[in-house]
Amino acid sequence: MSRRQGDAVIDVTELTVRFDDVLALDSVSLSVDAGEFVTVVGPSGCGKTTLLRSVGGLQSPTAGEVRVDGDPPESAQAAGDLGVVFQSHTLFPWKTALENVTFLRELAGRDPDRDRARERLVAAGLGGAVDAYPRELSGGMCQRVAIVRAMHLGASTLLMDEPFGELDELTRYDMAASVLDSWRDSDRTVLFVTHSVPEAVLLGDRVIVMADDPGRIVDRVSVSVPRPREEATMDTPAFADQVADIRRVLRQNRTEDTHPDR
Amino acid sequence: MTAGRLPEWAYPAVTLVGAVVLWAGFVSLFDVPAYLLPHPLAVGRRLAGDPGLYADAAVATTVKVLVGGAAGSLAGFVLGVAVGELPPLWRAVSPYLIAARVLPVVAIAPLLLIYFGTGFATGIAFVALMTLFPMAVSTAAGFRQTPEAALDLAASVDAPRHRVLLSIRLPYAVPDVVGGLRQAATLAVVGSVLAEWFVADSGLGYLILVAAENVRPDVLLAALSVVFLVGFSLYGAVGLLGSRLRRAVA
């Protein structure tokens, strides 16, 4: 965690990932600065999840390079410096919410710090769910626990792969608001993948726009909508303009033939 | 209406009583000779007349079931974990693990007699072989049940392999391991009685063999009912243990 101000925390250089005959990522380069909140948006099959998995060291590159804090992602994994939140909550059904939150630290070989974990759950509005099992919680609450778990790991880089993808519309924005809150109060760097353009604009400092076949970056947009942003921000003209711009880029780059994955 | 209020055990109990009553009625009504099918009361008198004989035989059979079953299940579990953890090993041995279920273990019995002699060890080895394969296959299947995302989560913090095995993969494997144990429990009783036929030294299987040779269906049926009791108790015990284990990881 020898991070200097202004340094790129995430550095992706000409990353290519090929699955058999599918070019999931074609020479993608991306740099994310310390404390930055970067969102990645694009259609299904554009490689946005592959990009995030590569940064997390869960996917080996076919060509190119990924560095986190200047080293390969495996070093950040070993240092417990990567907090990953997946689309499905991946809570363990035999553990309570609290045990799930502390378990990731135990897996990383750290002190579970139950007291702090409890405080975090309470702060996230999950005070009543501390000792509940995942089956007793709603999908939104489970995903909230998963996010608290990633925070509790203490990683300075958070990788979030469509974490609200399985939630209903209203819950999504509650969750987005709470992620923004906890990000503002920390110096965490966030890479956040979504297929929702409004979500990408609401959350991000920058939006990376991707297209498929082959998976590539087609635009990088700095979000000009001022912070703090909340649900009402989405009704402002500035917000609507930025969403429309990104949607236009997506539409221009849409492949005409139907993708086999869709 | 009142049927809905009966306790769970009452349903099979009614079946049992009904079957015995049918049996008794059939024998009395058609005047079936006792050397073909004795009256249930005659079988009951056999059991009550020499309880020591049946108790000793039941103990001998149960010991084979428990020792052989435990050894076979444990070996099967270890083999299952090994092939579950090491995909190349799984690819190398899985065809044979599955083929071993087709091969009747009885066919190996003559070999066991040569290697282990006509004693206790042969029975144990036979029961162990009967239980090993289903346990290994179920355990290996269980270790393939771990969700990819759970493994990704563990990889994201570079979790040590033994922690992943014990804290993540093992709990996810429990339902399949329990399924394997249930199969093993049933097969251990079958294997134990079979072993007593070809080793012919002790136990309920031996008693059944002798009764058949002497055309004593009353003794045979008495021994058979004890086999049923042993098997049923064991299956029940494993079932209880299994549901406890499953609840712990559900």
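Everything numeric in this text was worked out from a predicted model, so none of it was measured. (Residues numbered from 1 in each chain as written. Chains lettered and ligands numbered in written order. Predicted model: local features only at pLDDT ≥ 70, side-chain atom pairs only at ≥ 80, totals over all residues. Heavy atoms only, no water.)

With that out of the way, let us pick up the overall build of chain A. When you go through chain A residue by residue, the secondary structure sums to 8 helices and 9 strands. Over its C-alpha trace chain A gives a radius of gyration of 18 Å, about what one expects of a compact globule, namely 18 Å for 262 residues. Pairs at least 24 apart in sequence give 69% of the contacts found in chain A among residues at least 6 apart. Roughly 11,400 Å² of accessible area belongs to chain A as shown, and the carbon and sulfur atoms make up 45% of that amount. Positive and negative side-chain charges in chain A, numbering 29 and 43 respectively, have mean positions lying 1 Å apart. (Helix = DSSP H or I, 4+ residues; strand = E, 2+ residues; numbered from the N terminus. Rg over C-alpha atoms; globule rule 2.2 N^0.38 Å. Contact = heavy atoms within 4.5 Å. Areas by Shrake-Rupley, 256 points an atom, 1.4 Å probe, with all protein chains shown as cover. Lys, Arg positive; Asp, Glu negative; His and termini not counted. Charge placed at Lys NZ, Arg CZ, Asp CG, Glu CD.)

Helices and strands together make up the secondary structure of chain B, namely 10 helices and 0 strands. Helices (α) and strands (β) of chain B occur, in sequence order from the N terminus, as α-α-α-α-α-α-α-α-α-α. When the backbone C-alpha atoms are referred to their principal axes, chain B occupies close to 75 × 60 × 30 Å. By the burial criterion, 41% of the 250 residues in chain B qualify as buried. Residue pairs in contact within chain B that sit at least 24 positions apart in sequence constitute 72% of those at least 6 positions apart. (Buried < 20%, exposed > 50% of the residue type's maximum accessible area, 1.4 Å probe, protein only.)

Right, let's talk about the packing of aromatic side chains for a bit. Under the criterion given, the structure shown has 10 aromatic pairs over all chains. Here the aromatic rings of F37 of chain A and F192 of chain A are separated by 6.0 Å at their centres, their planes lie at 40°, and the arrangement is tilted. You can see F37 of chain A sitting in strand β3 (residues 37-41) and its partner F192 of chain A sitting in strand β7 (residues 189-194), a full 155 residues away along the chain. Owing to a relative accessible area of 0%, F37 of chain A belongs among the buried residues under this scheme. Judged by centre distance (5.7 Å) and plane angle (25°), the ring pair of F228 of chain B and F232 of chain B falls under stacked. Remark: F232 of chain B and F228 of chain B occur in helix α10 (residues 217-249); sequence separation between them is 4 residues, near one turn of the helix. The rings of F37, F164, W183 and F192 of chain A are connected pair by pair, giving a single aromatic cluster. The ring of F103 of chain A carries the charged tip of K95 of chain A above its face, separated from the ring centre by 4.4 Å. (Phe/Tyr/Trp six-rings, centres within 6.5 Å; stacked < 30°, edge-to-face > 60°. Lys NZ or Arg CZ within 6 Å of the ring centre and 35° of its normal.)

Quick look at the UniProt feature "domain: ABC transmembrane type-1" (unreviewed entry) in chain B now. The positions that UniProt labels "domain: ABC transmembrane type-1" (unreviewed entry) are, in the present scheme, residues 62-239 of chain B. Note that residues 62-239 of chain B is 87% helix and 0% strand, and that its end C-alpha atoms are spaced 17 Å apart. (UniProt positions renumbered as here; feature names shortened; annotations may be inferred.)

Taken together, the 19 residues of chain B in the interface contact 21 residues of chain A. Between chain B and chain A, the buried area comes to about 1,800 Å², and carbon and sulfur atoms account for 67% of it. Area buried by chain B at its contact with chain A is led by L153, S156 and V157 of chain B, which between them contribute 35% of it. For the salt bridge of D152 of chain B with R53 of chain A, the shortest nitrogen-to-oxygen distance reads 2.6 Å. When contributions to the side of chain B that touches chain A are tallied by element, the ones reaching two or more residues are α7 (148-156), α8 (161-199) and α10 of chain B. Per-element accounting of the side of chain B that touches chain A gives the leading share, 7 residues, to α7 of chain B. When the residues that make up the side of chain B that touches chain A are grouped by side-chain class, the tally is 14 nonpolar, 2 polar and 3 charged. (Buried area = accessible area lost by both parts, 1.4 Å probe. Salt bridge = Lys/Arg side-chain N within 4 Å of Asp/Glu carboxyl O. Nonpolar A, V, L, I, M, F, W, Y, C, P; charged D, E, K, R; others polar.)

Moving on, we get to the nonpolar core. Among the nonpolar cores identified, the biggest contains 46 residues, and L51 and L191 of chain A are the most heavily contacted of them. Aside from chain neighbours lying at most four places away, what touches L51 of chain A is V12, L15, L25, V28, L30, V40 and M210 of chain A. (Core = buried A, V, L, I, M, F, W, Y, C linked by side-chain atoms within 4.5 Å.)

Glancing now at the environment of W90 of chain B. All names here are of chain B. As for its placement among the helices and strands, W90 is situated in helix α4 (residues 87-102). The buried category is assigned to W90, whose relative accessible area is 15%. Once the C-alpha coordinates of W90 and A58 are considered, the two residues, 32 residues apart in sequence, prove to be 38 Å apart. If near-sequence neighbours (up to four positions away) are discounted, W90 is found in contact with V83, P95, L97, A140 and R144.

With that settled, consider the confidence of the model for chain B. For chain B, the mean per-residue pLDDT works out to 92, and 98% of the residues sit at or above 70. Note on the complex model: pTM 0.84, ipTM 0.88. (pLDDT = per-residue confidence, 0-100.)

For the rest of this paragraph, the subject is the UniProt feature "transmembrane region" (unreviewed entry) in chain B. As annotated by UniProt and renumbered to match this structure, "transmembrane region" (unreviewed entry) occupies residues 12-37, 57-84, 187-208 and 220-241 of chain B. Taken end to end, residues 12-37 of chain B is 73% helix and 0% strand, and its two terminal C-alpha atoms sit 23 Å from one another.

On the secondary structure map, S167 of chain B appears in helix α8. The residues contacting S167 of chain B, other than those within four sequence positions of it, are W94 and F103 of chain A.

Further remarks concern the sheet that holds strand β6 (residues 157-161) of chain A. Adjacent strands of a sheet form backbone hydrogen bonds with each other and so pair up, either parallel or antiparallel. All names here are of chain A. Across the sheet, which stays open at both edges, the 6 strands sit in the order β5-β6-β7-β3-β8-β9 with mixed pairing between neighbours. Two strands lie at the open edges of the sheet, namely β5 (82-85) and β9 (216-222), each paired on one side alone. Neighbour-to-neighbour, the strand axes of the sheet open up by a mean angle of 15°, direction not taken into account. Across 5 bridges, β6 lies against β7 in parallel orientation. Bridging across to β7, L159 finds its partner in L191. Across the sheet, helix α1 (residues 48-55) lies against β3, β5, β6, β7 and β8 (206-211), angled at about 155° from β7, the strand it touches most. (Pairing = 2+ DSSP bridges. Axes fitted to C-alpha atoms, helices over the stretch in contact; angles between N-to-C directions.)

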